[in-house]
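If you want the building blocks of each chain, they are given just below.
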Amino acid sequence: MANYRRLAALRTAEAFRTYLEEIDVDLGFDAEMEIGDDAPLAQPYTMKDATRIGNRFCVLPMEGWDGTRDGRPTELTIRRWKRFGLSGAKLIWGGEAVAVQPDARANPNQLMINEETVVDLTALRETLVEEHRAQFDTTDDLLVGLQLTHSGRFSRPYVKSKLEPKILYHHPILDAKFGIDPDMPVMTDDEIAALVETFARAAVLAQEAGFAFVDVKHCHGYLGHEFLSAYDRPGPYGGSFENRTRFLREAVEAIRLAAPGLGIGVRFSAFDFVPFRPGEDGVGEPTELPETPYRYAFGGDGTGTGIDLAEPKRFLDLLAELDIELVNVTVGSPYYVPHIQRPALFPPSDGYQPPEDPLAGVARVVAATAELKAHRPELLYVGSAYSYLQEWLPNVAQHVVRTDQVDFVGLGRMALPYPDMAADVLAGRSLDRRRICRTFSDCTTAPRKGMVSGCYPLDAYYRKRPEKEALDEIKRGQD
């Protein structure tokens, strides 16, 4: 692995600034943190409908692979949502991805939303809200949504190790990477139309469960995201931009008709790269392009590793046209380009050593988010990829909010070992360095190996679980 500096060793603002200059990464941060009601991160946000969100922290959707086989939360799920409630963040984006039907699950233990599970999801949301009220006295300025998903080509609904994909088109690299038969049929237009109605039914149940909004997920290589790159699919759901966004438009229309008054948000991957693979030295390298320009990366420039935000900006125009205010910006996919999606110093078991300093990945997402916000500033933007910043996360967070590059700072991996980081930052308390996410990637390696996800190195609860020894053995085998 290249000699990338560990951020925990950069103890002063000058040291952090100097290192950013050394690696030629443009990432703004505030050397001094502000505290109190006037601090940038403490500012409330008022939406167009007068909904007030109490501060600028957001908890991103974090799955645990720990539901029951029929899609209900377990003790582990409830613990995680309680911790989201005590986080101090006033925007909870989905809690975690919840499948709209059994064959849409990314794993057999993913939560599902249906008539049988809605009571459990209601209780799960109430658990989060009550925990927040107990910690912070009020929930009047807390906004909680639910992320609705179909896992598409990454569906593993019944056996953890068995991929049972639902695809929109045949991808020349991903099909081979994940063993998808070239003769496998793609989803039909009728199946997609039926799925639109399934999303609408799920939204009705989410509203019944008390969620303020649903996220129609369009990120990370799952089905919604795959629509955006279906350039070669014939028919009404592929080819033109209008066709590639037809599923979103139809789903939004169906949800609004079935669940009037329910908010709608979209988390989307703003750009993508060609899939990476380990090189001879274990460092990630781009897979050889099947053709040029590379046509399978929404938000890509055709080179496979470059960005063109023209279509993502059109996507924002569409969201504005659909009166969707809630936008959550992420990039890529954890399945084939994890270094751009969740920058980390230590890769998961099925990954590769970072091909760049992870700070470059953070800066890339921050810059793209800022450019998108500048294009459609009237929308509400949540940013991603901050966890790698570790001790410097609050300083970058304050800077990007203060300078209007983003509205909310999303906490994903960091929320597992250190769910109350936001509360500590807002109160002006020193960070608990023992609980800061160091991107060891156990939360990804564990589910890749069929285990429940959690922060095994830093969360004492998971450190005592039997999976910890199995994970340590896997990592010893990688050395």
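As shown above, the structure is provided for reference.
Residues numbered from 1 in each chain as written. Predicted model: local features only at pLDDT ≥ 70, side-chain atom pairs only at ≥ 80, totals over all residues. Heavy atoms only, no water.

Peer 1: Help me get a handle on the packing of aromatic side chains, residues and values and all.
Peer 2: Under the definition given, this model contains 22 aromatic pairs. For the ring pair phenylalanine 227 and tyrosine 237, a centre distance of 6.1 Å and an interplane angle of 55° mean the geometry is tilted. Taken together, the positions of phenylalanine 227 in helix H6 (residues 223-228) and tyrosine 237 in the loop between H6 and helix H7 (241-244) put the pair 10 residues apart, joining distant regions of the chain. Here the two residues phenylalanine 227 and tyrosine 237 agree in accessibility, since each one is buried. Judged by centre distance (5.6 Å) and plane angle (65°), the rings of tyrosine 294 and tyrosine 296 are edge-to-face. Neither residue differs from the other here; tyrosine 294 and tyrosine 296 are each classed as buried. Among the aromatic residues, those joined into a cluster by ring pairs are Phe154, Phe178, Tyr222 and Tyr335. Taking the ring centre of tyrosine 19 as reference, the NZ or CZ of arginine 5 above it sits at 5.8 Å. Across from the ring centre of phenylalanine 408, 5.8 Å away, lies the NZ or CZ of arginine 56, which sits over that ring. (Phe/Tyr/Trp six-rings, centres within 6.5 Å; stacked < 30°, edge-to-face > 60°. Helix = DSSP H or I, 4+ residues; strand = E, 2+ residues; numbered from the N terminus. Buried < 20%, exposed > 50% of the residue type's maximum accessible area, 1.4 Å probe, protein only. Lys NZ or Arg CZ within 6 Å of the ring centre and 35° of its normal.)

Peer 1: Just give me the short version of the pattern of salt bridges, but keep the residues and values in it.
Peer 2: Pairing is possible between side chains of opposite charge, provided their charged atoms come close. Evaluated as defined, the whole model comprises 35 salt bridges. Taking the shortest distance from any N to any O, the salt bridge between glutamate 285 and arginine 277 comes out at 3.4 Å. For arginine 277, a relative accessible area of 36% puts it in the partly exposed group. Close ionic contact of aspartate 407 with lysine 373 constitutes a salt bridge, the shortest N to O distance being 3.1 Å. (Salt bridge = Lys/Arg side-chain N within 4 Å of Asp/Glu carboxyl O.)

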